[in-house]
Amino acid sequence: MESLKSDKFILRVLENGSFTIHDIENDILWGSEYPGWVTLKRGKKLDKIKLDCCNVKRKNNLINIKFCNIKSVVFGEIDFEMDVELNLQDNCIDLSITKA
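Basis of the calculations
Residues numbered from 1 in each chain as written. Predicted model: local features only at pLDDT ≥ 70, side-chain atom pairs only at ≥ 80, totals over all residues. Heavy atoms only, no water. Pairing = 2+ DSSP bridges. Helix = DSSP H or I, 4+ residues; strand = E, 2+ residues; numbered from the N terminus. Axes fitted to C-alpha atoms, helices over the stretch in contact; angles between N-to-C directions. Core = buried A, V, L, I, M, F, W, Y, C linked by side-chain atoms within 4.5 Å. Buried < 20%, exposed > 50% of the residue type's maximum accessible area, 1.4 Å probe, protein only. Contact = heavy atoms within 4.5 Å.

K.L.:
Is there a simple way to explain the sheet that holds strand S3 (residues 19–23) in this structure?
P.N.:
Pairing between the strands of a sheet is mediated by backbone hydrogen bonds and can be parallel or antiparallel. Strand order across the open sheet formed by 4 strands is S1-S2-S3-S4, with antiparallel pairing between neighbours. Looking at strand neighbours, the two that pair on one side only are strand S1 (2–5) and strand S4 (28–31), the edges of this open sheet. Each neighbouring strand pair of the sheet contributes to a mean axis angle of 15 degrees, computed without reference to strand direction.

Here it is as structure tokens:
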């Protein structure tokens, strides 16, 4: 597990890529222990793909989550990776998809 902390929030990322945000001031916990899904759409076809293969690393005030081997059943030829960066600064949590 990797985590970032500010005066207002604690951001935790588990090894499976799921994350939680703890609002310290209001004592509220947001998030889940389960990783998410990505939806691919091409024309009228739609596929929901579970994000279950990942690598989590922390560098300074960033947590990088690299989801790999993302494969579609509907669009069989698609196999890709997705990188997500989480940054915690002051009162803001920034989530960026840096590669898809």
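K.L.:
For this particular structure, what's the right way to read the nonpolar core?
P.N.:
Buried together is how nonpolar side chains tend to be arranged in soluble globular proteins. Counting 21 residues, the largest nonpolar core has Ile63, Ile65, Phe67 and Ile70 as the members making the most contacts within it. Of all the elements in the fold, those that place two or more residues in this core are strand S2 (9–13), strand S5 (37–42), strand S7 (54–59), strand S8 (62–71) and strand S9 (79–89). It is S9 that contributes the most residues to this core, 5 residues altogether. Beyond its immediate sequence surroundings of up to four residues, isoleucine 65 is in contact with Val13, Gly17, Cys54, Asn55, Val56, Met82, Asp83, Val84 and Leu86.

K.L.:
Where do I start with unusual backbone geometry in this structure?
P.N.:
In most cases, non-glycine residues show a negative phi, while peptide bonds are predominantly trans. Look at aspartate 27: it is not a glycine, yet its phi comes out positive at around 50 degrees. Note on placement: aspartate 27 falls in the loop between S3 and S4. Among the residues examined, aspartate 27 registers a relative accessible area of 61% and is labelled exposed. Backbone geometry at asparagine 60 places phi at a positive 55 degrees, although glycine is not the residue there. Mapped onto the elements of the fold, asparagine 60 is located in the loop between S7 and S8.

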